[in-house]
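As a plain string of letters, each chain reads:
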Amino acid sequence: MIDHEEALSVARLARLQLADQEVEPMARELSAVLDHIAKIGELDLSDVPPTSHVVEISGALRADEPRPCLPREVVLSQAPAADDEGFLVPSPQA
Amino acid sequence: MLELSARAAAAAVASGELSSRELFEAYRERAAADRQAGSAGLNCFTWVAGPAPVDGAPAPLHGVPVAVKDLFCVQDVPSQAGSRILEGYRPPYTATAVARLRSAGAALLAKTNQDEFAMGSSNENSAFGAVLNPWDRTRVPGGSSGGSAAAVAAGLAPWALGTDTGGSIRQPAALCGIVGMKPTYGAVSRYGMIAFASSLDQAGPLTRDVADAALMLRHIAAADPCDATSLGLAEVADPTAERLDGVRLGVAEELSGEGIEAGVLEAFGAALRTAEELGAQIASVRLPHAPHALSAYYVLAPAEASSNLARFDGVRYGLRAEGAEDLLSMYTRTRHDGFGAEVKRRIMLGTYALSSGYYEAFYGRAQRVRTKIADDFAAAFEVVDFIVSPTSPTVAFELGERTADPLAMYLSDSCTVPMSLAGVPAISIPCGLSAGLPVGLQLAGPAFSESRLLDVAHALEGALGFDSGAARA
């Protein structure tokens, strides 16, 4: 169901590098699971509304009032690379 | 003192019979020894607290040690959700469920091993290595809360906090011969739980008995402004029932027929006869869409996971692959190095199901199946009070037995996933042995029926008289 090319394409969408030897097993395992999942295609669901969430809550908003958040240095302390101002990452262009 | 339930330990501390410091230290030494031993022990823990004097004002759970699944963020305590990608992460805040236990006086004993990001049914998908089942060290404890279940069963912790997305509390509880409860979706705040599938994830207790499950649930359930989907629960009563007169229990053939191994069905059947002796009426009910639950679940949960796990990209916390030349390859290599095989599989599955051209065929349809499953439960609860089934189709399987076949592993959750999709509460209690290994009985009830569910489980527990001593030997 999923071939080599499609597996690589999904991996790109998922921001996931796959080593060459990982592509074929991934495609095979995904295909097996998708074959099983495809059984839901047999059900007649034309008039059935989707359920995204079982809890009926809407408009659960807090008051729009400023309040303290975590100090910047605390948040930056967990980063693999940071300076005093923010997170450091490699350039988008090599 | 290690034989005491959490409730009894709390009472002994409150009355002055037991020193909270001695209690904590006794468990801490055992947990630390297991951590030290690695796979020569049970490998239940990812982190164990240092010697800590338990002080503070008297509180309902004063001094009672609690083990917490690794995916609960605890301020300044390593919290990796069993993943390499969160190596070194020490959260700057604490999950609400953990904070509530602490404010009731409980003392954090340890973080427990788990399947990475709660994805797994055997606790073999962990950056910390597999957890072993205390009943038989060649077998899995179940998952994903396998460390929590094994620790409680082996007496390395009085009780533990876990999470359940498709069965991750109930199935390991069943395989380890203890009590595990998934509350109604929304009963407990998800704030500070490292997310897997947000519309399904729910925290709950893994305990030695039903009364302890009620006690922990009472302290963790609450609406929380930090989780917009949390509603809390009305007061959770202490379970006291000894009889089941007038209680209608429904047996769904979809959950207790095909695919369930003979020894499990035998123990399940014997438990039903016990329920009848206690006065319960047993009836057949149908959950016609339950056979499709697993398929819907393995679309919805990976889809939500692929979105939730997008945040692990080497920028803000945890691991970053060294030497990447540009931003995109830093992302893709970090995720390649940091995620385990099963997590990658689910991210790929979810990304595929949500991708343009496939969205309606997979995600859209799965959401509609979810509606049908919730309708099935609603219809069944018109005619019975609770639904009973085996918790797991098999007893604990051998280490490595299902790791090569993802689908076989996914089938471990066939009895527990339907309740997760419907958002209803369910509890697993041990109901007997098959070939010397524990069998779990699952009871599910309507949303927010926890107090009654616990009461029924308590009556059955008393009559079944399961002996868990072998796991602590």
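Just so it is clear, the structure is predicted and the values come from calculations on it, not from any experiment. (Residues numbered from 1 in each chain as written. Chains lettered and ligands numbered in written order. Predicted model: local features only at pLDDT ≥ 70, side-chain atom pairs only at ≥ 80, totals over all residues.)

Draft legend 1. Structural view of the interface of chain B and chain A. Contact with chain B, which involves 56 residues of that partner, is made by 44 residues of chain A. Listed by contribution, the elements that provide at least two residues to the side of chain B that touches chain A are helix H9 (293–308), helix H10 (327–338), helix H11 (341–354), helix H12 (359–383) and helix H13 (406–410) of chain B. The leading source of residues in the side of chain B that touches chain A is H12 of chain B, at 12 residues. Taken together, the residues of the side of chain B that touches chain A break down into 27 nonpolar, 15 polar and 14 charged. (Contact = placed C-beta atoms within 7 Å. Helix = DSSP H or I, 4+ residues; strand = E, 2+ residues; numbered from the N terminus. Nonpolar A, V, L, I, M, F, W, Y, C, P; charged D, E, K, R; others polar.)

Draft legend 2. Molecular detail of the packing of H9 of chain B against H11 of chain B. All names here are of chain B. For the pair H9 and H11, interaxial distance at closest approach is 7 Å and the crossing angle is 100°. Taken together, the axes of H9 and H11 lie roughly perpendicular to each other. Of H11, the residues touching H9 (which contributes Val299, Pro302, Ala303, Ala305 and Ser306) are Arg346, Ile347, Leu349, Gly350, Thr351, Ala353 and Leu354. Looking at the contact of H9 with H11 residue by residue, the classes come out as 8 nonpolar, 3 polar and 1 charged. (Axes fitted to C-alpha atoms, helices over the stretch in contact; angles between N-to-C directions. Parallel < 35°, antiparallel > 145°, perpendicular 65-115°, else oblique.)

Draft legend 3. Quick peek at the sheet that holds strand S6 (residues 202–207) of chain B. Residues and elements named next belong to chain B. Pairing is mixed across the open sheet formed by 11 strands, whose spatial order is S1-S3-S2-S4-S6-S5-S10-S11-S9-S7-S8. With one partner strand each, in any of the chains shown, strand S1 (45–48) and strand S8 (281–285) form the two edges of the open sheet. Between one strand and the next, the sheet's axes are offset by a mean angle of 30°, whatever the strand orientation. Pairing between strand S7 (residues 248–252) and S8: 5 bridges, direction parallel. Of the residues in S8, the one forming a bridge with Val251 is Ser284. Packed on one face of the sheet, helix H8 (residues 262–277) meets S7, S8, strand S9 (386–390), strand S10 (426–434) and strand S11 (437–444) and runs near 110° to S10. Sheet strands touched by helix H15 (residues 450–464): S9, S10 and S11. Its angle to S10, the strand with the most contacts, is close to 15°. (Pairing = 2+ DSSP bridges.)

Draft legend 4. The arrangement of the confidence of the model for chain B in detail. Across chain B, the average pLDDT comes to 96, with 99% of residues at or above 70. Here the complex is predicted with pTM 0.97, and the ipTM for its interfaces comes to 0.95. (pLDDT = per-residue confidence, 0-100.)

Draft legend 5. The packing of H8 of chain B against H15 of chain B, seen in detail. Residues and elements named next belong to chain B. Where H8 contacts H15, the two axes come as close as 10 Å, and the packing angle between them is 110°. Our classification of the angle between H8 and H15 gives roughly perpendicular. From H8, Ala271, Thr274 and Ala275 reach across to H15, where they touch Leu460, Ala463 and Leu464. Here the contact of H8 with H15 is built from residues that sort into 5 nonpolar, 1 polar and no charged.

Draft legend 6. Broad picture of H11 of chain B. Between its first and last C-alpha atoms H11 of chain B spans 20 Å; for 14 residues at 1.5 Å apiece the expected length is 20 Å, and the two agree. Buried residues dominate H11 of chain B, accounting for 12 of its 14 residues. Here H11 of chain B has its buried residues at Glu342, Val343, Lys344, Arg345, Arg346, Ile347, Met348, Leu349, Gly350, Thr351, Tyr352 and Ala353 of chain B. Considering only its buried residues, H11 of chain B is in contact with helix H1 (4–13) and helix H2 (20–37) of chain A together with H9, H12 and H13 of chain B. (Expected span 1.5 Å × (residues − 1). Buried ≥ 20, exposed ≤ 12 C-beta atoms within 10 Å, placed from the backbone.)

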